[in-house]
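Inside the fold
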Amino acid sequence: MSFFKWVSFVLILHLLNPSLISCSSNGLSQIPSKFLTLAKSNDFFDWMVRIRRRIHENPELGYEEVETSKLVRAELEKMGVSFKYPVAVTGVVGYVGTGQAPFVALRADMDALPIQEMVEWEHKSKVPGKMHACGHDAHTTMLLGAAKLLKEHEEELQGTVILVFQPAEEGGGGAKKIVEAGVLENVSAIFGLHVTNQLALGQVSSREGPMLAGSGFFKAKISGKGGHAALPQHSIDPILAASNVIVSLQHLVSREADPLDSQVVTVAKFEGGGAFNVIPDSVTIGGTFRAFSTKSFMQLKKRIEQVITRQASVNMCNATVDFIEEEKPFFPPTVNDKDLHQFFKNVSGDMLGIENYVEMQPLMGSEDFSFYQQAIPGHFSFVGMQNKAHSPMANPHSPYFEVNEELLPYGASLHASMATRYLLELKASTLNKSYKKDEL
């Protein structure tokens, strides 16, 4: 009898005889370390490294992940894992287990960023202006690793694991399309991981409740009247108007928001003019805004439009504001389920030791994983990759971003452990309720 089948057997015996609780608990606690040992084996690790480097060399932007999804499908086929494609344009959804309820989902994002890679190494991006600068190549690889671990122990799964290879996390709202496609119907919970250079290799981080902010984007066109820079009295200067708009937008947080209610408004784009001595007819600005509550988020949205249009009017310009929701849908705040967070701490503690769990503070970054959490209970966490022996690694979205590939076994085994343990514990809970009902 395999280790995992033995755990399932003992767990069911415990439900019939509660005196076996210490044995079943010990069996459950060993699952994460067993998976980690398997994922760290030379052949398994080398396989994951090869996959990650192939994905890294060929980055694809949101909803363009044609080759990436092709690679994912090829690897799933080799494992004998069934899947659906296409889902949400370029997404892939795999299935491991009984094919019956209960269902639990694991998610990885596949898209890259429009960044020119500056890291000089053998497997540098081969696509000019595109780069995996946020670790999604590692996320995809780790979920494939989890699929392999789960498939090798499929007979022991007490339900079905849904593997969500999602497109377009970077602003495209791919998660929203996955939900709309009905992928999460009848799914009890979903888990997601993200690599981070802020934690040491072998550490994990998360928190209960609000974790990442809700986010939106905006762009505005401010129109005036162009003319010669030496004769500004004959023009209506949209650059001056836009400058005043940008300064006024900063007052929304500093003067109007509760200091204890974290919010951000950042103008990160300013385009206008093409000559040193010509005042242009118009300029375009754009940026992002963030908040942890829906009320604050919608108030920011309202005030951004008011400030831009009215401040432009003060400078005798006209302005139009576009929140580009079709292209970049608003992301809700990422809020971790209380029970799933305790479950994550238990599983990660059994794998890495509770001392390697780090309670994180809320961040103003955003994640479209939040769309899943609006539909079903979900949990999002970070997995460390900083090697203490090396210099600090670059942050995500940097052209110098790198992935420490030693983290791949940790992510793969954590994914597999959470899915396996969740299904086992859910099955145990269901049987226990039935047992108690029969006693009555």
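Residues numbered from 1 in each chain as written. Predicted model: local features only at pLDDT ≥ 70, side-chain atom pairs only at ≥ 80, totals over all residues. Heavy atoms only, no water.

If you look the protein chain up in an unreviewed UniProt entry, it shows as IAA-alanine resistant 3 from Arabidopsis lyrata subsp. lyrata.

**Structural notes on the overall build of the protein chain**
Keep this limit in mind: The numbering of helices and of strands both runs from the N terminus, where a helix is a DSSP run of H or I of at least 4 residues and a strand a run of E of at least 2. Computation of the radius of gyration draws on C-alpha atoms alone. For the globule rule, the value is 2.2 Å times the number of residues to the power 0.38. The criterion used for residue contact is that any of the two residues' heavy atoms lie within 4.5 Å. In this description, accessible areas are obtained by the Shrake-Rupley approach with a 1.4 Å probe, and a residue is regarded as covered only by the protein chains that are shown.
Helix and strand content of the protein chain: 11 helices and 16 strands. On C-alpha atoms alone, the protein chain measures out to a radius of gyration of 25 Å, which is about the 22 Å that the 2.2 N^0.38 rule sets for 440 residues. Overall size of the protein chain, expressed as C-alpha extent along the three principal axes, is 90 × 55 × 40 Å. Long-range pairs, those at least 24 residues apart, make up 80% of the contacts in the protein chain between residues at least 6 apart in sequence. Approximately 19,700 Å² of the protein chain is accessible, and the part contributed by carbon and sulfur atoms is 52%.

**So, helix 4 (residues 66-79)**
Defined as follows: A helix is expected to reach a length of 1.5 Å times the quantity of its residues less one.
Here helix 4 is 14 residues long and its end C-alpha atoms lie 20 Å apart, about the 20 Å a rise of 1.5 Å per residue gives. If you follow the buried residues of helix 4, they end up packed against helix 3 (42-57), strand 1 (82-87), strand 2 (91-97), helix 5 (136-152) and strand 4 (160-166). A positive backbone phi angle near 85 degrees is found at Gly 80, which sits one or two residues after helix 4.

**Some thoughts on helix 7 (residues 238-256)**
Along an α-helix, residues three or four apart share an orientation, since each turn contains 3.6 residues. For clarity, the threshold we go by: Here the bend at each residue means the angle between axes fitted to two seven-residue stretches, the one ending at that residue and the one beginning there. Here the term buried applies to any residue with accessible area under 20% of the maximum for its type, exposed to any over 50%, and partly exposed to those in between, with areas from a 1.4 Å probe on protein chains only. Distance and chemistry together define a polar contact, namely a pair of N or O atoms within 3.5 Å, with one atom able to donate a hydrogen and the other to accept it when in protein, and with adjacent residues in sequence counting only for side-chain atoms on both sides.
Taking 1.5 Å as the rise per residue, helix 7 with 19 residues should run 27 Å; its terminal C-alpha atoms sit 26 Å apart, in good agreement. A bend of about 25 degrees at Gln 250 is the largest found in helix 7. Pro 238, Ala 241, Ala 242, Val 245, Ser 248, Leu 249 and Leu 252 are the residues of helix 7 that are buried. Next to the buried residues of helix 7 lie strand 8 (214-223), strand 10 (263-272), strand 11 (278-279), strand 12 (282-291) and helix 8 (294-314). The backbone nitrogen of Ile 239 lies 2.9 Å from a side-chain oxygen of the residue at the head of helix 7, namely Asp 237.

**Examining the packing of aromatic side chains**
The criterion, for reference: Ring pairs are drawn from Phe, Tyr and Trp, using the six-membered ring of Trp, whenever the two centres fall within 6.5 Å, and their geometry is named by plane angle: stacked under 30 degrees, edge-to-face over 60, tilted for the rest. Either the NZ atom of lysine or the CZ atom of arginine qualifies as a charge over a ring when it sits within 6 Å of the ring centre and within 35 degrees of the ring normal.
For the coordinates displayed, the defined rule picks out 15 aromatic pairs. Here Phe 289 and Phe 297 contribute two aromatic rings whose centre-to-centre distance is 4.7 Å and whose plane-to-plane angle is 25 degrees, an arrangement assigned as stacked. Across the pair, Phe 297 and Phe 289 agree in class, each one buried. What links up through ring pairs into an aromatic cluster is the set Phe 218, Phe 289, Phe 297, Phe 323 and Phe 330. Between the NZ or CZ atom of Lys 148 and the centre of the ring of Trp 47, over which it lies, the distance is 5.0 Å.

**Examining the domain arrangement of the protein chain**
Applied cut-off: Domain delimitation follows an automatic or database domain assignment. In this description, buried area is defined as the sum, over both parts, of the accessible area (probe of 1.4 Å) that is lost when the two are combined. A side-chain nitrogen of Lys or Arg and a carboxyl oxygen of Asp or Glu constitute a salt bridge if their distance falls within 4 Å. Under the grouping applied here, Gly and all other residues not named as nonpolar or charged are polar, the nonpolar ones being Ala, Val, Leu, Ile, Met, Phe, Trp, Tyr, Cys and Pro and the charged ones Asp, Glu, Lys and Arg.
Taken domain by domain, the protein chain holds domain 1 (25-212 + 333-436) and domain 2 (217-322). Contacts between the two partners involve nine residues from domain 1 and, on the opposite side, six residues from domain 2. For the pair domain 1 and domain 2, the summed buried area comes to about 590 Å², and 76% of that belongs to carbon and sulfur atoms. It is Pro 333, Met 364 and Ser 366 in domain 1 that bury the most area against domain 2; as a group they hold 73% of the surface buried on that side. Scanning the region where domain 1 abuts domain 2 turns up zero salt bridges. Run the count over domain 1 and domain 2 and you get one residue pair in polar contact (both at pLDDT 80 or more). Considered class by class, the residues forming the side of domain 1 that touches domain 2 number seven nonpolar, two polar and no charged.

**Thoughts on the sheet that holds strand 6 (residues 204-206)**
Either a parallel or an antiparallel arrangement is found when strands of a sheet pair, and the pairing is made through backbone hydrogen bonds. Note the cut-off: Pairing between two strands is assigned when DSSP locates at least 2 bridges connecting them. Axes, fitted as lines to C-alpha atoms, cover a helix only where it is in contact. Angles between the N-to-C directions of the axes lie from 0 to 180 degrees.
With respect to topology, eight strands assemble into an open sheet ordered 1-2-4-3-5-16-6-15, the strand pairing being mixed. In this open sheet, the two edge strands, each paired with only one partner strand, are strand 1 and strand 15 (357-359). Geometrically, the sheet is characterised by an average inter-axis angle of 25 degrees between neighbouring strands, direction not taken into account. Sheet topology note: the strand 3 (residues 103-109)/strand 4 ladder contains seven bridges and is parallel. Across the sheet, Asp 109 pairs through a bridge with Gln 166, a residue of strand 4.

**Some thoughts on the pairing of strand 13 (residues 318-322)**
Only one face of strand 13 is buried, namely the one carrying Ala 319 and Val 321, since none of Asn 318, Thr 320 and Asp 322 on the opposite face is buried. In the sheet, strand 8 pairs with strand 13 via five bridges, with the strands oriented antiparallel. Bridging across to strand 13, Ala 220 finds its partner in Val 321.

**Quick look at the UniProt feature "domain: Peptidase M20 dimerisation" (unreviewed entry) in the protein chain**
Heads up, the condition is: UniProt positions are given in the numbering used here, feature names are shortened, and annotations may be inferred rather than shown by experiment.
Taking the UniProt record as the reference, the feature "domain: Peptidase M20 dimerisation" (unreviewed entry) is found at residues 214-311. Helix makes up 38% of residues 214-311 and strand 35%, whereas the separation of the span's terminal C-alpha atoms amounts to 26 Å.

**Topic: the UniProt feature "binding site: Mn(2+) 2" (unreviewed entry) in the protein chain**
Summarizing the sequence annotation, UniProt attributes the feature "binding site: Mn(2+) 2" (unreviewed entry) to Cys 134, His 136, Glu 170 and His 194 in the numbering used throughout. The annotated residues occupy 61 residues of the chain but converge on a single region, no pair of C-alpha atoms lying more than 13.1 Å apart. Structurally, His 136 is set in helix 5. With sequence-adjacent residues up to four places away left out, His 136 is seen in contact with Asp 109, Met 110, Asp 111, Glu 169, Glu 170 and His 194. Within the element layout of this structure, Glu 170 appears in the loop between strand 4 and helix 6 (174-180). Look at Glu 170 and you get partly exposed, because its relative accessible area is 21%. With residues up to four places along the chain from it excluded, the contact list for Glu 170 reads Asp 111, Ala 112, Leu 113, Cys 134, His 136, Lys 328 and His 397.

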